[in-house]
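Coordinates in review
Here are the chains, one letter per residue:
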Amino acid sequence: MAFTLYSLIQAAILCVNAVAVLHEERFLSKIGWGVDQSVGGFGDEPGVKVQLMNLVRSVRTVMRVPLIAVNAVCIVLLLLFG
Amino acid sequence: MDYTPTQSGFRQQPNMRQRNSSADGLEGSQLFEDTSGAAHGLQTGYSNQQAGPQAAGFTGQSILSDPMSNLAMAYGSSLASQGREMVDKNLDRFIPISKMKYYFAVDTVYVGKKLGLLVFPYMHENWEVRYQQDTPVAPRFDVNAPDLYIPAMGFITYVLVAGLALGTQNRFSPELLGVQASSAFVWLIMEVLAVLLSLYLVTANTDLTTIDLLAFSGYKYVGMIIGVVAGLLFGRPAYYLSLLWCCAAIFVFMIRTLRLKLLSDAAAEGRLVRGTRNQLRMYLTMSIAAAQPIFMYWLTYHLIR
């Protein structure tokens, strides 16, 4: 119940890491969430699933490099300060 | 903030703890008139540079007679002004200060009417925000416009009232104030992020900005404060009764406000419109409104024993 801003940052880093490790070929395509399955339906009704797939794909693309830096910093800090 | 025009700078150090870090003074110079003179600016820059541990060394000495400290003072003030320029330039990228000014353009009549609306929204009929050539009218002129003054004041008052409630039960310590504040703030941020995520997933084309959502989520603090104060004054039954009343009021308030912004025009007027999209949006409105009473109870039940 006693949340701090620090625990929110920790939770955010963990969640983004979780989204970043979803592999495109090995996993997402197998369950029908690949990028090739999101095209189609050119109306103005993308639907929740398509939006979610787009979100996963964009998070993976955007956050890949910054996550390397953030994770490295986190590991070093946790090693030094526990 | 006490700008005593004294010669010895060490008297500034005790006040420095009460002053927030330089960000507060920098924002103050942009949002409000900077009425402090240049001399105070010099002393401010100097005091901000010399932090706490060095304060002990200067106790009892007059600072301005030492040429070395003259140099340090000049250097420190130039550093401070450089830092201020850099922060000003970069702050505007992250927090749009000019847009924030819109949300604080309130006056007493608006605040009174809005508080009444938050507690008793049942008689109000016209919930639309008036526009003036594409931009929404300032909150001062339209009681339906969202503002950030009430949520900000409500948050601070909630933290103070929580400290008061904990104090009456002999559970108070100064760290608990910080814990309460950061806890409530984190829940607020999570709620705004959840609403943003669900708005994205449902592809709702609204003109609701993030700050609007922050304002709407902050309105529940008013109900929480009323509940806790009633519970402190009159006991647990009063707490439950007033919380129930405020929860119902916030529920109706949120539904009536969000209905106009999220749903399509036809559905907002009350006619049943079929289609999964409108249904999803209706569910979203309902769940946002239903989350408010849950948070109100969650954040206050541990204060009333």
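Residues numbered from 1 in each chain as written. Chains lettered and ligands numbered in written order. Predicted model: local features only at pLDDT ≥ 70, side-chain atom pairs only at ≥ 80, totals over all residues. Heavy atoms only, no water.

Chain B is annotated in an unreviewed UniProt entry as Protein YIF1 from Zoarces viviparus. We quote the UniProt Function (unreviewed entry) comment for chain B here in full: "Has a role in transport between endoplasmic reticulum and Golgi." Under the Sequence similarities (unreviewed entry) heading, UniProt states for chain B: "Belongs to the YIF1 family." (UniProt positions renumbered as here; feature names shortened; annotations may be inferred.)

The name given to chain A in an unreviewed UniProt entry is Immediate early response 3-interacting protein 1, with Zoarces viviparus as the source organism. Of the comments in the UniProt record for chain A, the one headed Subcellular location (unreviewed entry) reads "Membrane".

**Comments concerning the packing of helix H11 (residues 236-262) of chain B against helix H13 (residues 276-300) of chain B**
Residue and element names in this part refer to chain B. For the pair H11 and H13, interaxial distance at closest approach is 9 Å and the crossing angle is 155°. In terms of axis orientation, H11 runs roughly antiparallel to H13. You can see that H11 and H13 cross each other, and the crossing is right-handed. Residues Tyr239, Tyr240, Leu243, Cys246, Cys247, Ile250, Phe251, Met254, Ile255, Leu258, Arg259 and Leu262 of H11 form the contact with H13, whose own contacting residues are Arg281, Leu284, Thr285, Met286, Ile288, Ala289, Ala290, Gln292, Pro293, Met296, Tyr297 and Thr300. Looking at the contact of H11 with H13, its residues break down into 19 nonpolar, three polar and two charged. (Axes fitted to C-alpha atoms, helices over the stretch in contact; angles between N-to-C directions. Helix = DSSP H or I, 4+ residues; strand = E, 2+ residues; numbered from the N terminus. Parallel < 35°, antiparallel > 145°, perpendicular 65-115°, else oblique. Left-handed = near helix turned anticlockwise from the far one by under 90°. Contact = heavy atoms within 4.5 Å. Nonpolar A, V, L, I, M, F, W, Y, C, P; charged D, E, K, R; others polar.)

**Some words on the interface of chain B and chain A**
Much of the literature gives interface size as the accessible area that the parts lose upon coming together. In this assembly, 18 residues from chain B lie in contact with 15 residues from chain A. Between chain B and chain A, a total of about 1,400 Å² is buried, with carbon and sulfur atoms accounting for 74% of that surface. Considering only the surface of chain B that becomes buried against chain A, Val186, Tyr200 and Leu201 of chain B emerge as the three largest contributors, covering 36% of it. Run the count over chain B and chain A and you get zero salt bridges. When residues of the side of chain B that touches chain A are traced back to their parent elements, those giving at least two are helix H8 (174-201) and H13 of chain B. Top contributing element to the side of chain B that touches chain A by residue count: H8 of chain B, with 11 residues. Considering only residue class, the side of chain B that touches chain A consists of 12 nonpolar, five polar and one charged. (Buried area = accessible area lost by both parts, 1.4 Å probe. Salt bridge = Lys/Arg side-chain N within 4 Å of Asp/Glu carboxyl O.)

**Focus: the UniProt feature "transmembrane region" (unreviewed entry) in chain A**
UniProt's feature table lists "transmembrane region" (unreviewed entry) at residues 62-81 of chain A, given in the numbering used throughout. Secondary structure over residues 62-81 of chain A splits into 100% helix and 0% strand, and the C-alpha atoms at its two ends are 29 Å apart.

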